[in-house]
Amino acid sequence: MATEVETWSNAQPVDENKRDEDDELNELEVNGNWTPQEKALHEARLKAKAKRRQRKGSSRNSTSDSFSESGELAGGDSNSPKGKVPTNDRKSRTGKGRGLPKKGGAGGKGVWGAAGMVYEDEELDVLDPNYDELAQGDTVYAKVVPELSEKELEKIVNPIVLEYFEHGDTKEVEALLKGLNLGSQRYEFSSLAVSLSLEGKASQRELTSRLLSDLAVKVLSQNDMRRAFDKMLKELPDLILDTPEAPQMLGQFIARAIADHVLPMSFLDNYKGKVDCEHARVALDRAAVLLSMKRAMVRLDNVWGVGGGLRPVKHLVKEMNLLLKEFLVSGEVPEAERCLRELEVPHFHHELVYEAVVMVLESKGDTVSHMMMKLLQSFWKSGLITVDQMNRGFRRVYDELPEINLDVPHAHSIMETFVDLCHQESVITKQLRDDCPSRGRKRFVSEGDGGAIKN
């Protein structure tokens, strides 16, 4: 302690000398007798003095701190170690700052930020170790459906489309698709449906066009449809291996989609002069021709024809009559079989049997009966006409035979002959042959013969 007091007493004269110099300079300043050099020197001294005072006040272990009259550090705590700055001092302790609080007054222990700062509600983090699920009240669990991959999509969509070809209900397909997370593969549904219909019948292609029209906007956007048909045009070289008529069919699909506003009118214009694939060019040309026809938008509704079950009965009867007449001229059984399959009316094949038998009854000679027997035999063996349809067709002729007999007097005898021929060739069953009506001989009773029956 004696050493510190001695050091302080020795430092006093120096301070007094500096104070005397400052007084002299102040007097000179007051008298206005300062030279520029003296004035600059005075300013430099003042700045140095201020820096020394700042360093002395912020130093933590300084031994040259000023003491109070009681011998203690000025502004210090009597219980704190000598030279230790209070811990609640927020000023910079490096001696290099401007003396302002650190972090603008927003730092320090127990400080939650600057004055006037407003904090938003903090969202709870489920991954926080302190997160308590029970303390959050009612918990709502959301069902998450993962996005389907390309293989999974094909595995799920194919049965949906094939089942749709059976029932034809577009709303059911829409409900099934809304339950799937198609994600970025949404456009793949259209391409898969069109690909399956290319391998099917005309009625299935008509159903596919209707499906795309009903799903537009609700499930699939125009951009999805465009991407699907773009992909189909690129895959035509592969599709033509299984379906040689794929380019023409795809062109009809594009024309029908544009007519139904599934595709934009500018779809064909975007491909002008940009197609290198010959098959894609054929498809686009086909679509352009169909759209350029007079009243194309109306005619394209029947671009695939009318489905068998939707056609009028008169139209089907006319088609079957035409089929039988062409067969009598050409004699080509495969062509007749193909035409019957294209009608797609297996429930109405009994009409073909009925018309064939009536033609035999109205014909002259045995040529027609043998040709019709040959045709029915081919249909029977191939399974195109079932037992039920065959029996139904013959029984319809049995029921109308009395009326036919008015126009064809020998209808009963011709019918018996034809039925026997068909039974011999295993076209009809024995029961059906036995049910054939036969015209009995007329017997008259003479009044003078005592009731004797005459032939």
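All figures in this text were calculated on a predicted structure; none of them were measured in a lab.

**Section: the side chain of Ser197**
Part 1: Along the chain, Ser197 falls in helix α5 (residues 188-198).
Part 2: Leave out the neighbours within four places in its chain, and Ser197 touches Phe165, Gln204, Arg205, Thr208 and Phe253.

**Side note on a negative patch on the surface**
Part 1: Together, Glu122, Glu123, Asp125 and Asp128 make up a region of like negative charge exposed at the surface.
Part 2: The topology assignment puts Asp125 in the loop between α2 (36-58) and α3 (150-167).

**Section: helix α17 (residues 411-424)**
Part 1: Its 14 residues place the ends of α17 20 Å apart at the C-alpha level, agreeing with the 20 Å of an ideal helix rising 1.5 Å per residue.
Part 2: Along α17, the residues classified as buried are Ala411, His412, Met415, Phe418, Val419, Leu421 and Cys422.
Part 3: Positioned one or two residues after α17, Ser426 has a phi angle of 65 degrees, which is positive.

**Regarding the environment of Val262**
Part 1: Within the secondary structure, Val262 is located in the loop between α9 (246-259) and α10 (278-292).
Part 2: Take Val262: its relative accessible area is 3%, and that puts it in the buried class.
Part 3: Distance in space between the C-alpha atoms of Val262 and Asp214 is 9.1 Å, their sequence separation being 48 residues.

**Details of the side chain of Gln389**
Part 1: Assignment of secondary structure puts Gln389 in helix α16 (residues 387-407).
Part 2: In terms of polar contacts, Gln389 uses its side chain to reach the backbone amide nitrogen of His349, at 3.4 Å.
Part 3: Other than its neighbours up to four places away in sequence, Gln389 contacts Pro346, His347, Phe348, His349, His350 and Val353.

What counts and how
Residues numbered from 1 in each chain as written. Predicted model: local features only at pLDDT ≥ 70, side-chain atom pairs only at ≥ 80, totals over all residues. Heavy atoms only, no water. Helix = DSSP H or I, 4+ residues; strand = E, 2+ residues; numbered from the N terminus. Contact = heavy atoms within 4.5 Å. Patch = residues over 30% accessible without salt bridge, like charges linked within 9 Å, V, L, I, M, F, W, Y side chains within 5 Å. Areas by Shrake-Rupley, 256 points an atom, 1.4 Å probe, with all protein chains shown as cover. Salt bridge = Lys/Arg side-chain N within 4 Å of Asp/Glu carboxyl O. Lys, Arg positive; Asp, Glu negative; His and termini not counted. Charge placed at Lys NZ, Arg CZ, Asp CG, Glu CD. Expected span 1.5 Å × (residues − 1). Buried < 20%, exposed > 50% of the residue type's maximum accessible area, 1.4 Å probe, protein only. Polar contact = N/O pair within 3.5 Å; in protein donor to acceptor, adjacent residues only side chain to side chain.

Remember that the coordinates give geometry; whether it matters functionally is a separate question.
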